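Per-entry structural report
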Amino acid sequence: MTDDVILQVKDLKTYFKLDEGLLKAVDGVSFDLRKGETLGIVGESGSGKSVTNLAVMKLIPVPPGRIAGGEVLFQGKDLLKMPDDEIRTIRGNKISMIFQDPMTSLNPFLRISTQMIETIVLHQGMNKKDAKDKSIEMLKLAGIPSPEKRIDSYPHQFSGGMRQRVMIAMALSCNPEVLIADEPTTALDVTIQAQILELIKDLTARLGTAVILITHSLGVVAGMCDNINVMYAGRIVERGTADEIFGDPKHPYTQGLIKSVPRLDKATQQRLFSIKGQPPNVINLPDCCPFYPRCDRALDICKIKYPATAELSKGRNVACWLYSEGK
Amino acid sequence: MANIDTTQDAVNEFNQYVKPVSLWADAWKRLRRNKMAVLALWVVGFYFLLALSAPLLQSAGILHSYTEQIISHQNLRPSFRPAGELVIESLELRIAQLEENLASREEDSNSTYNMATGFDFAPAAEIEFDDGEVDEGEAALEEVTEEADDTYYGPTYSDSVVDELERSKAEVEALRGSIHTDPQHSKVYILGTDDLGRDMLARTIYGGRISIMIGIVGTLTAVLIGILIGSISGYVGGAIDNFLMRFVDIMYSLPYMLVVIIIMSMVGDKGRGSIVILFVAIALISWLTISRVVRGQIISLKNSEFVEAARSMGAGTPRIIFRHLLPNTLGVIIVFSTLLMPSFIMQESFLSFLGLGVSAPQASWGTLVSEGVRGMELRAWQLFVPAISMTVFLFCMNFLGDGLRDALDPQSKNRG
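The numbers attached to residues start from 1 for each chain and follow its sequence in the written order. Chains carry letters and ligands carry numbers; both start at the beginning, A for chains and 1 for ligands, and go up in the order they are written. Totals for whole chains, interfaces and linings use every residue, but because this is a predicted model, local features are given only for residues with pLDDT of at least 70 and side-chain atom pairs only at 80 or more, for both listing and counting.

**Thoughts on the overall build of chain A**
Regarding its fold elements, chain A presents eleven helices and twelve strands. The burial label depends on the number of other C-beta atoms within 10 Å of a residue's C-beta. Counts of 20 or more mean buried, 12 or fewer mean exposed, and intermediate counts mean partly exposed, with C-beta atoms placed from the backbone. Burial status across chain A gives 47% buried among its 327 residues. Once C-beta atoms have been placed from the backbone, residue pairs whose C-beta atoms lie within 7 Å are recorded as contacts. Taking contacts inside chain A between residues at least 6 apart in sequence as the whole, the part at least 24 apart equals 63%. Each helix is a run of DSSP H or I of at least 4 residues and each strand a run of E of at least 2, with the numbering of both proceeding from the N terminus.

**Considering the overall build of chain B**
Within chain B, the regular secondary structure consists of 15 helices and zero strands. The buried share of chain B, reckoned over its 416 residues, is 33%. Relative to all contacts within chain B whose residues are 6 or more apart in sequence, the contacts with residues 24 or more apart total 72%.

**Quick notes on the nonpolar core**
Val-166, Ile-168, Val-178, Ala-181, Ile-212 and Leu-213 of chain A are the most contacted members of the largest nonpolar core, which totals 160 residues. If you tally residues by element for this core, the top one is helix α7 (residues 200-236) of chain B, at 13 residues. Residues within four places of Leu-213 of chain A in sequence aside, it is in contact with Thr-38, Leu-39, Gly-40, Ala-181, Val-221, Met-224 and Cys-225 of chain A. Take the buried Ala, Val, Leu, Ile, Met, Phe, Trp, Tyr and Cys residues, join any whose C-beta atoms are within 7 Å, and the set you get is a nonpolar core.

**As for the sheet that holds strand β5 (residues 77-78) of chain A**
Residue and element names in this part refer to chain A. Strand pairing is assigned whenever DSSP identifies at least 2 bridges connecting the two strands. Strand order across the open sheet formed by four strands is β2-β1-β4-β5, with antiparallel pairing between neighbours. Two strands close off the open sheet at either side, each with one partner strand: β2 (21-34) and β5. Bridge count for strand β4 (residues 65-74) against β5 is two bridges, and the pairing is antiparallel. What sits directly across from Phe-74, in β5, is Lys-77.

**Examining the interface of chain A and chain B**
Accessible area lost upon the coming together of the parts serves often as the stated size of an interface. Facing 31 residues of chain A, the contacting portion of chain B comprises 23 residues. When residues of the side of chain A that touches chain B are assigned to their parent elements, the largest contribution, three residues, is made by helix α4 (residues 112-124) of chain A. Polarity classes work like this: nonpolar for Ala, Val, Leu, Ile, Met, Phe, Trp, Tyr, Cys and Pro, charged for Asp, Glu, Lys and Arg, and polar for all others, with Gly in that last group. Counted by class, the side of chain A that touches chain B contains eleven nonpolar, 14 polar and six charged residues.

**Notes on the packing of helix α3 (residues 35-59) of chain B against helix α15 (residues 381-408) of chain B**
All names here are of chain B. The interhelical angle for the contact between α3 and α15, taken along N-to-C directions, is 135°, at an axis separation of 8 Å. Of the possible angle classes, the one that applies to α3 and α15 is oblique. As α3 packs across α15, the resulting crossing turns out to be left-handed. Within the contact between the two elements, α3 uses Met-36, Ala-37, Ala-40, Leu-41, Val-43, Val-44 and Tyr-47 and α15 uses Val-392, Phe-393, Cys-396, Met-397, Phe-399, Leu-400, Asp-402 and Gly-403. Of the residues that constitute the contact of α3 with α15, the class distribution is 13 nonpolar, one polar and one charged. Fitting a line to C-alpha atoms yields each axis, with helices limited to the stretch in contact; the angle taken between N-to-C directions then spans 0 to 180 degrees. With respect to orientation, any angle under 35 degrees is reported as roughly parallel, any angle over 145 as roughly antiparallel, any angle of 65 to 115 as roughly perpendicular, and every other angle as oblique. Take the far helix as your reference; a near helix turned counterclockwise from it by less than a right angle gives a left-handed crossing, and one turned clockwise gives a right-handed crossing.

**Let's talk about α7 of chain B**
All names here are of chain B. When the terminal C-alpha atoms of α7 are compared, their 52 Å separation across 37 residues agrees well with the 54 Å that a helix rising 1.5 Å per residue should span. Burial analysis of α7 places 27 of its 37 residues in the buried class, the great majority of the element. Phi turns positive, to about 70°, at Gly-237, one or two residues after α7. A helix is expected to span 1.5 Å for every residue after the first.

**What about the sheet that holds strand β8 (residues 210-215) of chain A?**
All names here are of chain A. In spatial order, the strands read β6-β7-β8-β3-β9-β10-β12-β11; together these eight strands make up an open sheet with mixed pairing. Looking at which strands have only one partner, the edges of the open sheet turn out to be β6 (95-98) and β11 (310-313). Neighbour-to-neighbour, the strand axes of the sheet open up by a mean angle of 20°, direction not taken into account. Pairing between strand β9 (residues 227-232) and strand β10 (residues 235-241): six bridges, direction antiparallel. Residue pairing for β10: Met-231 is matched across the bridge by Ile-236. Relative to β6, helix α7 (residues 160-172) is tilted by about 175°, and along the sheet it contacts β6 and β7 (178-182).

**As for the pairing of β10 of chain A**
Residues and elements named next belong to chain A. With six of its seven residues buried, β10 lies for the most part within the structure. Linkage of β9 to β10, two consecutive antiparallel strands, is achieved through a turn of two residues, within which Ala-233 is found at a positive phi near 50°. Sheet topology note: the β10/strand β12 (residues 316-318) ladder contains two bridges and is antiparallel. Residue pairing across strands places Glu-238 opposite Val-318, the latter belonging to β12.

**Some words on the environment of Met-36 of chain B**
Residues and elements named next belong to chain B. As for its placement among the helices and strands, Met-36 is situated in helix α3. A residue is classified by how many C-beta atoms lie within 10 Å of it, and Met-36, with 12 of them, is exposed. Aside from chain neighbours lying at most four places away, what touches Met-36 is Phe-399 and Gly-403.

**Some details on the packing of helix α12 (residues 305-312) of chain B against helix α13 (residues 317-353) of chain B**
All names here are of chain B. Contact pair α12 / α13: the axes reach a minimum separation of 11 Å and the direction vectors enclose 140°. The way α12 lies across α13 gives a crossing that is right-handed. Along the contact surface, α12 presents Phe-306, Val-307, Ala-310 and Arg-311, while α13 presents Ile-320, His-324 and Leu-325. Along the lines of polarity and charge, the residues of the contact of α12 with α13 split into five nonpolar, one polar and one charged.

**Some words on unusual backbone geometry**
If a residue is not glycine, its phi is most likely negative; likewise, a peptide bond is most likely trans. All names here are of chain A. Phi at Asp-11 takes a positive value of approximately 50°, unusual for a residue other than glycine. Looking at the secondary structure, you find Asp-11 in strand β1 (residues 5-18). Judged by the 11 C-beta atoms lying within 10 Å of it, Asp-11 falls in the exposed class. Although it is not a glycine, Ala-233 sits at a positive phi angle of roughly 50°.

**Considerations on the confidence of the model for chain B**
Low-confidence regions, as indicated by low pLDDT, have predicted coordinates that should not be scrutinised in detail. Residues and elements named next belong to chain B. pLDDT expresses, on a scale from 0 to 100, how confident the predictor is about each individual residue. Per-chain confidence: chain B averages 76 in pLDDT, with 79% of residues scoring 70 or above. When the elements of chain B are averaged for pLDDT, helix α1 (residues 7-10) gives the smallest value, 40, and helix α8 (residues 238-253) the largest, 90. Contacts of residues 116-140 to residues separated by more than four positions or lying in other chains number 30 contacts, the stretch itself having pLDDT below 50. Here residues 142-149 is modelled with pLDDT under 50, and outside its nearest four sequence neighbours on either side it reaches six contacts, counting other chains as well. Overall fold confidence (pTM) sits at 0.68, and the ipTM for the predicted complex is 0.72.

**Topic: the pairing of strand β3 (residues 38-42) of chain A**
All names here are of chain A. Extensive coverage of β3 is indicated by the burial of five of its five residues. Residues of β3 alternate between two faces, with Thr-38, Gly-40 and Val-42 on one and Leu-39 and Ile-41 on the opposite face, all of them buried. As paired strands, β3 and β8 are joined by five bridges and run parallel to one another. From the neighbouring strand, Gly-40 faces β8, where its bridge partner is Leu-213. Sheet analysis places β3 next to β9, joined by four bridges and oriented parallel. When the sheet's bridge partners are listed, Ile-41 is paired in β9 with Asn-229.

**Description of the environment of Gly-76 of chain A**
Residue and element names in this part refer to chain A. Along the polypeptide, Gly-76 turns up in the loop between β4 and β5. Gly-76 gets classed as exposed once you count the C-beta atoms within 10 Å, which come to 8. In this structure, the C-alpha to C-alpha distance between Gly-76 and Gln-8, residues 68 residues apart in sequence, is 8.6 Å.

**Re the environment of Ile-263 of chain B**
All names here are of chain B. Inspection of the secondary structure assignment puts Ile-263 in helix α9 (residues 256-266). Classification of Ile-263 as partly exposed rests on a count of 18 C-beta atoms within 10 Å. Between the C-alpha atom of Ile-263 and that of Val-280, which follows or precedes it by 17 residues, the distance is 9.2 Å.

And the structure:
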């Protein structure tokens, strides 16, 4: 591994203890994030994408949740072992997040200025006036017209797209090393989605911020990301560059996902492909490949044992018996 | 729906200036539309102003002292005329009555039905049940029983009546002489006086001061303790939540009035009647409900995304509770407080009525009412003045609380 890896997640496990049993939301996820890289994490709902990133920030609600193992190395230090005070100086400062729903992610009772200035004063030690100037500058970068007038508004006076811009401005206001965007466009309509994605891409490129983009939209990752992790049932089943994943998907699940995207360039009369069945309930899952009941190419061994991750080339991994040795 | 709301204008991506409208400004706008709530707000404001400025008014001479007792001004009825005139009037009425009495007695000395004349009360007149009066009644009885013995005239009867007549006449003369020189007699008691000659208006205003103060202090302590316990319990959860809420359960299960009465009697004579003890007793138990309310609110808010967002920005627990969560519950707390305040005033009145509240010469609406009840048939104003003052205030507080609830409830935004 090269030195420009800033965030390294190693074998992260996050379990939730429920009445029904142990829910292994994230079960042994590992990935590296390099400086300036945009990493996509793709998967169906409930595949553990969001929990992975909450765990990285140590934001899992502790009962019922539990980080059962693994390391999150940020600039050489393990975030999971940090005391709370120390990790608070990293949250929002070095690593910040954008949430899915901008309508609910801003405190409805506080002015935009209050919420932005609070963060900047907390982390950068600026006085309020400088912090306000900085906030206005960030809002301007995020494409809010006449930010010096809008900054004292309340969240309800902004539209969804504007709020997401505010969230982005807020998240980037401390020049973080890593920006975690958790489905940043899901709650927005399509015309705004493209603008917001363009904004994230543009701003992070300018500020040199690495991005983890969590989404279930393949179109979004295709346009945005350098590398892609595909998650299924709490594990990464395939990883590679965007070109590799889209050009030559290996895992049957990835193949299924890509086939189920409607395409404009191939006029067919066929029904749109869909992966049959439902994603599994990850409570008390046996040690098999969780995808085998839905898999067209399932082998006998798939029902017995989870496949080891096979490295096809550098940075190109698949966890499937089809590619593992000794099948 | 043309006149609603500026928030519509806010949703535009053009370079237009939009005036920030806070939730509070919005709520205020809605409150102003509610006529009853506005009226209640004015009345409550007037009460507060009066209560606050009472010492000023008194030192400026507009308001009489609430402790000064003028024995000759006992039980004067509400009137705009000076006290001296009222006293003379009532004495003259009494004299006329006595004279008539005496005359009729001499006239019908042999009649069988002469008993009632001594008890002929003029409705507006002041009749004091002093010794002379009792003697007179007894004498009358005596006379009836001894009617058979036609020749006997009880000497006590005429003597006492004549005595009183003389005394009253002398008093009237003395008053006539001093009415223009003695400033006491030029006092005007708009709302009458009580049985110790104290001004009812001043006593009601000062009573209101104490009652309102108990309401405010009780509400404040209840809200402060309630917010603290409720927010910690709600946000932290787990074992702490369990412990605190079971404690609240135990406190709930104690009969409230009984506990207060026990506390009030436990502190003994030293603390009895002190307002501080009353505050403590009321505040001790009053925070239970509000802590439950706050806890519920916090629990429903703590998983909302803006809290998660604040945490992802590096905010600590106290900051999240006090900066992000509590402002969101403030609406509920304000509404609850406005409804809590009347209940404290009621409780204080109840305790004072039972003789466990504030003690003389201090007064609260509760003690005034309980004093007024004693002479209710004869001196109704002593009951009605504090009772009506209190009722109007409580009524207005409830209306205000109702109005605030509607105004702060986002669901009612587009109604009305």
